[in-house]
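# Topology and contacts: notes
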Amino acid sequence: MVQKERPGRERFDIYRKVPKDLTQPTYTGAIISVCCCLFILFLFLSELTGFITTEIVNELYVDDPDKDSGGKIDVSLNISLPNLHCELVGLDIQDEMGRHEVGHIDNSMKIPLNNGVGCRFEGQFSINKVPGNFHVSTHSATAQPQNPDMTHIIHKLSFGDTLQVHNVHGAFNALGGADRLTSNPLASHDYILKIVPTVYEDKSGKQQFSYQYTVANKEYVAYSHTGRIIPAIWFRYDLSPITVKYTERRQPLYRFITTICAIIGGTFTVAGILDSCIFTASEAWKKIQLGKMH
């Protein structure tokens, strides 16, 4: 008994005849397929690396980010004076709010150098968020030396939290490594600092507040009203109203999946077109050669 095909079935058959270039295996098709798989693998690994890697995005805005600090900025200073005794070294702090502190000693330490000839000063203190200065000098010493030698090396000067982030390259310790050992021993040094508030926010939303700064410096000889030379190392600072914010971000999963689908679909589409063109050209060439033979 012969079954008749229902009428109208062919009407809904989209692919009634598969093209010959899709069913006939060729060496060219095999090479294109292998190249496609390798290309897709390469793009997939590249996108996977980008998806896993954390991206650091920065932005600028006008604001005081650390409003819970009470209007204070923590400062960390580490400086060596190889030719000045520790009993002569002192830290003085002044600002436009009327603060004038001579010989600040809280959270500070003096380490003798060169058998007591020199001194290394390490201190942590806070400053107000207004223009001012802090300076290392002999002003707080009981007896002022005749020729104080203010040659120095600055190991560290930083403000706020220390950011342990490798992907952020900023001027958080711009004066670190500054060497003034060959300067005039009786000269004063002015470091003019422009402090820029900086916020770092990780993927969990936790924020760290630090400060970058730019620096300019000058060297000069200063005299007191009595005509004596009174050298000092001045750090004069002002705050920028611009805040820099670094935010950790990771590519969304939906974007990663969309990209992978686009890579796979696009690669196979282009490969299919290329293979079809090569197959068609090959078939046309064969027909031309057969026509010449006949």
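All residue numbers refer to position in the chain's written sequence, counted from 1. Note on the predicted model: pLDDT of at least 70 is required for a residue's local features to be given, and 80 or more for side-chain atom pairs to be given and counted; whole-chain, interface and lining totals, by contrast, use all residues. In computing side-chain properties, one takes all heavy atoms of the structure into account and sets aside hydrogens as well as water.

### Topic: the nonpolar core
Of all hydrophobic cores here, the largest spans 33 residues; its most connected members are Phe134, Leu157, Phe159 and Phe235. Numbering of helices and strands runs from the N terminus; a helix is a DSSP stretch of H or I covering at least four residues, while a strand is a stretch of E covering at least two. If you list the elements that add at least two residues to this core, you get strand S2 (72-81), strand S3 (90-95), strand S6 (118-128), strand S7 (132-137), strand S8 (153-160), strand S10 (188-201), strand S11 (207-220) and strand S12 (233-239). Working rule for contacts: check all heavy atoms of both residues, and any pair within 4.5 Å makes them a contact. Discounting residues that sit within four places of it in the chain, Phe134 has contacts with Val75, Leu91, Asp92, Ile93, Phe125, Ile127, Leu157, Phe159, Ile233, Trp234, Phe235 and Tyr237. In plain words, nonpolar cores are sets of buried Ala, Val, Leu, Ile, Met, Phe, Trp, Tyr and Cys residues tied together by side-chain atoms within 4.5 Å. Note on exposure labels: buried denotes an accessible area under 20% of the residue type's maximum, exposed denotes more than 50%, and partly exposed covers the range between, all computed with a 1.4 Å probe on protein chains only. Membership of the second largest hydrophobic core comes to 7 residues, among which are Leu163, Val168, Phe172 and Val196.

### Points about unusual backbone geometry
Of note in this structure, Asn107 is not a glycine but carries a positive phi near 55°. For Asn107, a relative accessible area of 62% puts it in the exposed group. Backbone geometry places Asn114, a non-glycine residue, at a positive phi of 55°. With respect to the helices and strands, Asn114 occurs in the loop between strand S5 (108-113) and S6.

### A word on the pattern of salt bridges
For salt bridges, the criterion is a side-chain nitrogen of Lys or Arg within 4 Å of an Asp or Glu carboxyl oxygen. Counted according to the given criterion, the structure contains 7 salt bridges. Across the salt bridge formed by Arg120 and Glu122, the nearest N and O atoms sit 3.4 Å from each other. Residue Glu201 is joined to Lys245 by a salt bridge in which the shortest nitrogen-to-oxygen separation is 3.1 Å. Of this pair, Glu201 sits in strand S10 while Lys245 sits in strand S13 (residues 242-249), and the two are 44 residues apart along the sequence. Of the two residues examined, Glu201 and Lys245, each falls in the buried class.

### Some words on the UniProt feature "transmembrane region" (unreviewed entry) in the protein chain
UniProt positions are given in the numbering used here, feature names are shortened, and annotations may be inferred rather than shown by experiment. Residues annotated by UniProt as "transmembrane region" (unreviewed entry) correspond here to residues 26-45 and 253-274. Helix makes up 100% of residues 253-274 and strand 0%, with an end-to-end C-alpha separation of 32 Å.

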